[in-house]
Amino acid sequence: MRRYIVRRVLQFVPLLFGMTLLSFLIIHLAPGDYFTQLKMNPQISPETIAAMERNFGLDKPVLVQYFYWVKNILTFNLGESFAYHVPNAFLIKERLLNTVALSVFSIMATWMLAIPLGIYAARKKGCWQETVLSAAAYVGISLPSFFIAMLLVFLAARTMVLPIGGTTSIFWTGASLWEKFVDYLRHLLLPGMALTLAGIGSLYRLMKNNFLEALGSPYILTARAKGLPPVLVLYKHALRNAVNPMITIFGYELSGILSGAALVEIITNWPGMGRLILDAVLSQDLYLVMASLLIGGFLLILGNLIADILLVMADPRIRLR
Amino acid sequence: MEKTLVVKNLALAFHQERRPVTILAGVEFEISSGETLALVGESGSGKTLTALSIVKLLPPQARLETGEVRLNGQSLTSLSEREMENIRGRQVGLVFQEPSAYLNPVFTIGNQIEEAIKSSLSRKEKKERVAQMLAEVGLDEKHYWHYPHQLSGGMQQRALIAMALINHPSLLIADEPTTSLDVTTAVQIISLIKTLIKKHHLALLFISHDIALAHYFADRMAVMYAGRLVEIGPTRTVFNSPRHPYTESLIACLPEKYKPGEKIRAIPGTVPDFANLPSGCPFHPRCHRRMERCFREEPEMFPVASALVRCFLYGNSVATEPGN
Ligand SMILES: Nc1ncnc2c1ncn2[C@@H]1O[C@H](COP(=O)(O)OP(=O)(O)O)[C@@H](O)[C@H]1O
Ligand SMILES: [Mg+2]
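Residues numbered from 1 in each chain as written. Chains lettered and ligands numbered in written order. Predicted model: local features only at pLDDT ≥ 70, side-chain atom pairs only at ≥ 80, totals over all residues. Heavy atoms only, no water.

### Examining the overall build of chain B
Okay, step 1: Within chain B, the secondary structure is distributed over 10 helices and 12 strands.
Okay, step 2: Taking 2.2 N^0.38 as the reference for a compact globule, 324 residues should give roughly 20 Å; the C-alpha atoms of chain B span a radius of gyration of 20 Å, in line with that estimate.
Okay, step 3: In chain B, buried positions account for 56% of the 324 residues.
Okay, step 4: Counting only contacts in chain B whose residues sit at least 6 apart along the sequence, the fraction spanning at least 24 positions is 63%.
Okay, step 5: Summed over all atoms, the accessible surface of chain B reaches about 14,200 Å², with 52% contributed by carbon and sulfur.
Okay, step 6: Of the charged side chains in chain B, 36 are positive and 34 negative, and the gap between their average positions amounts to 2 Å. (Helix = DSSP H or I, 4+ residues; strand = E, 2+ residues; numbered from the N terminus. Rg over C-alpha atoms; globule rule 2.2 N^0.38 Å. Buried < 20%, exposed > 50% of the residue type's maximum accessible area, 1.4 Å probe, protein only. Contact = heavy atoms within 4.5 Å. Areas by Shrake-Rupley, 256 points an atom, 1.4 Å probe, with all protein chains shown as cover. Lys, Arg positive; Asp, Glu negative; His and termini not counted. Charge placed at Lys NZ, Arg CZ, Asp CG, Glu CD.)

### Focus on the pattern of salt bridges
Okay, step 1: Under the criterion given, the structure shown has 19 salt bridges over all chains.
Okay, step 2: A:Arg224 serves as the salt-bridge partner of B:Glu81, at 3.7 Å between the closest nitrogen and oxygen. You can see B:Glu81 sitting in helix α2 (residues 81-87) and its partner A:Arg224 sitting in helix α9 (residues 218-225), one on each of two chains.
Okay, step 3: Relative accessible area serves as the criterion here: at 37%, B:Glu81 is assigned to the partly exposed category. (Salt bridge = Lys/Arg side-chain N within 4 Å of Asp/Glu carboxyl O.)

### What to know about a nonpolar patch on the surface
All names here are of chain A.
Okay, step 1: Together, Phe146, Phe147, Met150, Leu151 and Leu263 make up a nonpolar patch on the protein surface, roughly 430 Å² of accessible area in all.
Okay, step 2: Here the element with the most residues in the nonpolar patch is helix α7 (residues 145-159); it accounts for four residues.
Okay, step 3: Assignment of secondary structure puts Leu151 in helix α7. (Patch = residues over 30% accessible without salt bridge, like charges linked within 9 Å, V, L, I, M, F, W, Y side chains within 5 Å.)

### Let's talk about the domain arrangement of chain A
Residues and elements named next belong to chain A.
Okay, step 1: Segmenting chain A into domains produces domain 1 (16-74) and domain 2 (93-314).
Okay, step 2: Here domain 1 and domain 2 have C-alpha centroids that lie 36 Å from each other.
Okay, step 3: Listed by partner, the interface residues are 15 residues for domain 1 and 11 residues for domain 2.
Okay, step 4: Of the roughly 1,200 Å² buried at the junction of domain 1 and domain 2 (both faces included), carbon and sulfur atoms supply 80%.
Okay, step 5: In terms of surface lost to domain 2, no three residues of domain 1 exceed Met19, Ile27 and Trp69, which account for 39% of the buried area on that side.
Okay, step 6: The interface formed by domain 1 and domain 2 holds zero salt bridges in total.
Okay, step 7: Counting every contact that joins domain 1 to domain 2 gives zero residue pairs in polar contact (both at pLDDT 80 or more). (Domains from an automatic or database assignment. Buried area = accessible area lost by both parts, 1.4 Å probe. Polar contact = N/O pair within 3.5 Å; in protein donor to acceptor, adjacent residues only side chain to side chain.)

Have a look at this one:
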């Protein structure tokens, strides 16, 4: 198993390189002479242009520029934002933190609710509890995340129970660390709930079906024939097999942290990467776009890697390959 | 001799959408300690459901309508699910047909055997007990740490046998334990089972669709057709002089009864659909010795020599329980 993991981690490196190349090419192979455009853009000061010319070899051929860029990435220099006139690394750091906080919150909430609900519904198969849960899940699956987000924003605006937009309240400066944390969490709740509600239905349905399938498996009959108590039959034998296929899904969710939350971020005005990337693309803030693509791609590969490693740890049949 | 298992007048029906469908009717047999009873019949005749009825591990739609099961003198019929958990594994072990499917793929062999231990032992004692059991079924100690997919079908079946016998039950139910194995492996598993039942003086209910295999190692034999026992008696009697036309046909169709060049025989007709059982004796449409009353009435079990046979060739009374 260790060898498998090492191999997967080693594969990670060339993938990362491929991804930097892709992020770079997408921007640079776009039609138009992009360097001249930069110079003519009144938003960008001549000093910035000069500095970037030096750092990123903008007067050199595209391929050489790529290596300049990679060299800079390795030292965490992601260039300067044309629009905000600050280093992109600085911009991204804060926004990425918000997005990660939002995603971690919603993924945790989704899983912690969907798994027990799925198991409960599987055990109540055919009873009204299952019917109610499955109907609710059906509604949740049919509503797109942005719609749920808009609905929640509307409700929050009407009831004033939750703040809308931003990450902090005005009293931020005078507050203690704990108060700041709670305040942040309160702001997180609205987009977090939107994402959770949007994702919980399909995960619930998957868990219910997996659990039912596991319960119908012959090895469950063996477990019962051994005289094991229901706790072990359900939560050892059935659960472990029901959860295995979910692990891949978990990896995908990690992979999709940026793209998955973008719409909800924009609608609830949560200052995360989604908003940042959208603005960057609209204002042709090229190095910011490239850096964002890079981070998105990095998360994608990392998510897959984590999923694969988790799966190998959970399923002995894959372990031996 | 003391009876380990007594099954009396078992009737089982599936309760699905419309009317209930009766599967088992009037199933009765006994197994003494140390004795092997083979339950044979075509697939779909209700053998597995008979086995599952004994330990009350039936699918949710199946219901026992009548009957009593006594294990070591104790009636299981009125026991709660909780009480049955105590019986399963401890007093009766089960082994099934498809070993790869009946082992949980994500736990080690050792783990799955060890969790079956019912007596409160220390971790170390449990490990020793498992190691001893592994040796007994012919597995290596290293298989403790192996996952099911790392074992061959035969070794998987050995692991399942170890699981079933770890608490020294008095009854083993083996439901077609060799059907999914190749011939060589099947022979090994059969001789392992034979060794184990002798050593532990186990009562064995051996289920098989193969009457020749059953004949090879059962003390007594019960033949099932459409959820009814049609013949039961000492293996020699049943096999060498079958009385029921169905048993007769089963034996006549065995490959070893053929002369070179002869065409393969099969019992004409098909296994009946339980939802539309033929009237009278369910076997009459395929029977070469049917009489007029077979269309209307279902016979009782009649004693013939040392066997019991459900056929009007041997008596006159009509069954009270089986049928509808
Ligand atoms: N879960 C089930 N639902 C409905 N009918 C079933 C089910 N299991 C078995 N049966 C019916 O019971 C009959 C006997 O099944 P089974 O005991 O498995 O036969 P055998 O073990 O002799 O092959 C089958 O032919 C089938 O019609
Ligand atoms: Mg069967």
